[in-house]
Amino acid sequence: MIPLDVFGSESVVADLLAQVRWRNGVTCPLCRSDLTVKNGSYGHFQRYLCKNCDRTFKDKTGTIFAHSKVALRKWLFSIYAFLRFSTSLRQLQLEIDVQYKTISQRVERFTKALDAPSLDLVGPVEIDEVYVSAGLKGRERDQESRSRGLSTRGRGSV
Ligand SMILES: [Zn+2]
């Protein structure tokens, strides 16, 4: 496992999302107009006002990351760990501290959007809330994550 903090702070990944998303300029996701102005912020994310349709939108609006209270860096981490290291949904759930349903639905959506191989979500899925809430939290697991992260670095290529 790679450590979550490899993705830096939320403001760094928010900037990254904005750069990638608006690489051809900011356009309104609702009416496609480019008559937009910055309009305050929403957490770490920029908000915009469309002067054509008079509605506001944010960096995440209309993306696979929209409508999630989970930090963007956690989702980026999940996508990366899932695709690069085949980290299980169960382990990701513990790592980013969300419900199993949340991680499985998002990862399914991400892999579809990326046209990437996804897990077989149809097979038997073990739901064990006791294990999850009592489970592998704290320093011991973090240390294990870090050391494993180092050992997997440089193995294979993307
Ligand atoms: Zn608009």
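For the structure itself, consult the block above.
Residues numbered from 1 in each chain as written. Predicted model: local features only at pLDDT ≥ 70, side-chain atom pairs only at ≥ 80, totals over all residues. Heavy atoms only, no water.

Draft legend 1. Examining the coordination of the zinc ion more closely. Looking at the zinc ion, one finds its protein donor set to be Cys28 (SG), Cys31 (SG), Cys50 (SG) and Cys53 (SG), positioned 2.3 Å from the metal centre. Around the zinc ion, the four donor atoms sit at angles spanning 103 to 117°, and that spread fits a shape best called tetrahedral. In terms of primary sequence, the donors binding the zinc ion are separated according to C-x2-C-x18-C-x2-C. Placement of Cys28 in the loop between helix H1 (10-21) and strand S1 (36-42) and of Cys50 in strand S2 (residues 45-50) is noted, with a sequence separation of 22 residues between them. Here Cys28 and Cys50 have matching classes, each one buried. (Donors = N, O, S within 2.8 Å, 3.2 Å for Na, K, Ca; no water. Tetrahedral: all angles 85-135°; square planar, octahedral: opposite > 155°, others 65-115°. Helix = DSSP H or I, 4+ residues; strand = E, 2+ residues; numbered from the N terminus. Buried < 20%, exposed > 50% of the residue type's maximum accessible area, 1.4 Å probe, protein only.)

Draft legend 2. Region of interest: the environment of Leu72. Turning to its location among the elements, Leu72 is positioned in helix H2 (residues 72-85). For Leu72, a relative accessible area of 1% translates into the label buried. With twelve residues separating them in the primary sequence, Leu72 and Lys60 have C-alpha atoms 9.3 Å apart. Apart from residues no more than four positions distant in its own chain, Leu72 is found in contact with Glu10, Val13, Ala14, Leu17, Phe45 and Phe65. (Contact = heavy atoms within 4.5 Å.)

Draft legend 3. Looking closely at the nonpolar core. Core analysis: the biggest nonpolar cluster contains 22 residues, and Phe65, Trp75, Leu89, Leu92, Ile96 and Ile103 have the highest contact counts within it. In terms of residues, this core owes the most to one element, H2, which gives six residues. Both domains that furnish three or more residues to this core are identified here as domain 1 (8-62) and domain 2 (64-113). Not counting residues within four places of it along the chain, the set of residues in contact with Ile96 comprises Val70, Lys74, Trp75, Phe77, Ser78 and Ile103. Among the nonpolar cores identified, the runner-up in size contains six residues, and Ala18, Trp22, Cys28 and Cys50 belong to it. (Core = buried A, V, L, I, M, F, W, Y, C linked by side-chain atoms within 4.5 Å. Domains from an automatic or database assignment.)

Draft legend 4. Main features of the pairing of S2. Where S1 meets S2, five bridges bridge the pair, whose relative direction is antiparallel. Bridge pairing in S2 places Ser41 opposite Gln46. In terms of strand pairing, S2 meets strand S3 (residues 56-58) through three bridges, oriented antiparallel. When the bridges of S3 are listed, Arg47 appears paired with Lys58. Where S2 folds back on S3, the antiparallel hairpin that results is connected by five residues, among which Asp54 adopts a positive phi of roughly 70°. (Pairing = 2+ DSSP bridges.)

Draft legend 5. Spotlight on the environment of Ser11. Here Ser11 shows up in helix H1. Expressed as a C-alpha distance, the spacing of Ser11 and Leu72, which sit 61 residues apart in the sequence, is 9.4 Å.

Draft legend 6. How the structure looks around unusual backbone geometry. Located in the positive-phi region is Arg32, a residue other than glycine, with phi close to 70°. You can see Arg32 is positioned in the loop between H1 and S1. Here the phi dihedral of Asp54 falls at roughly 70°; this positive angle occurs in a residue that is not glycine. For Asp54, a relative accessible area of 59% corresponds to the exposed category.

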